[in-house]
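The residues making up each chain are set out below.
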Amino acid sequence: MVVRIRMGGAAAKAWAALVLKAAAICCFVIAIWIISAGLRWAGAFLIEQGLFSHWQVWIAFGVIAQLAAFRLNRPNRQLLS
């Protein structure tokens, strides 16, 4: 027996927005961890060199993910004609 679940466009958008919000939170937590590690309040960050070792990159990823989630959740506003 095969069970197929069909999701409409609205449900897929809602799930994508939910995943993007979770990714944004993770990015912000990683940025806080990097800042805390630099101040020696937390343990060393996993990535010590390279692009992903900078908190600014993680903040930027978090902002981009949050904006994308906001854009997906925004209702369609169409002009009445």
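In the block above lies the structure referred to throughout.
A brief look at the structure comes next. Residue numbering note: each chain is counted from 1, following its sequence as written. Since the coordinates come from a predicted model, pLDDT governs what is reported: local features require at least 70, and pairs of side-chain atoms require 80 or more to be given and counted, while whole-chain, interface and lining totals use all residues. Where side-chain values are given, they derive from all heavy atoms of the structure, hydrogens and water being excluded.

## Looking at the overall build of the chain
For helices the rule is a DSSP run of H or I covering at least 4 residues; for strands it is a run of E covering at least 2, with both sets numbered from the N terminus onward. Each helix and strand in the chain was counted, giving two helices and zero strands. For the chain, with 81 residues in total, the buried portion stands at 16%. Working rule for contacts: check all heavy atoms of both residues, and any pair within 4.5 Å makes them a contact. Once local pairs closer than 6 in sequence are excluded, the contacts in the chain between residues at least 24 apart make up 54%. Counting only carbon and sulfur atoms, one obtains 67% of the accessible surface of the chain, whose full area is about 6,900 Å². Each residue gets one of three labels from its accessible area relative to the maximum for its type: buried under 20%, exposed over 50%, partly exposed in between, using a 1.4 Å probe on protein chains only. Each accessible area is a Shrake-Rupley result for a 1.4 Å probe, and residues are judged covered by the shown protein chains and nothing else.

## Things to note about the environment of Lys 21
Here Lys 21 is to be found in helix H1 (residues 9–38). Exposure remark for Lys 21: the relative accessible area of 35% places this residue in the partly exposed category. Separated by 49 residues in sequence, Lys 21 and Phe 70 have C-alpha atoms that sit 8.7 Å apart. When near neighbours in sequence (up to four residues on either side) are disregarded, Lys 21 contacts Gln 66, Ala 69 and Asn 73.

## Focus on the packing of H1 against helix H2 (residues 55–73)
Convention adopted: a line fitted to C-alpha atoms gives each axis, helices being fitted over their contacting stretch, and angles between N-to-C directions are expressed from 0 to 180 degrees. Between H1 and H2, the shortest axis-to-axis distance is 8 Å and the interhelical angle comes to 160°. With respect to their mutual orientation, H1 and H2 come out roughly antiparallel. Crossing of H1 against H2: the hand is left-handed. For the pair formed by H1 and H2, the contact residues are Lys 13, Ala 16, Ala 17, Leu 20, Lys 21, Ala 24, Cys 27, Phe 28, Ile 30, Ala 31, Ile 34 and Ile 35 on the first element and Trp 55, Trp 58, Ile 59, Phe 61, Gly 62, Val 63, Ala 65, Gln 66, Ala 68, Ala 69, Leu 72 and Asn 73 on the second. Residue classes follow a fixed rule: Ala, Val, Leu, Ile, Met, Phe, Trp, Tyr, Cys and Pro count as nonpolar, while Asp, Glu, Lys and Arg count as charged, and any other residue, Gly among them, counts as polar. Residue composition of the contact of H1 with H2, by class: 19 nonpolar, three polar and two charged. Here the angle decides the label: under 35 degrees means roughly parallel, over 145 means roughly antiparallel, 65 to 115 means roughly perpendicular, and every other value means oblique. Here a crossing is taken to be left-handed if its near helix is turned anticlockwise relative to the far helix by less than a right angle, and right-handed if that turn runs clockwise.

From the geometry alone we can't say anything about function, so treat these as descriptive.
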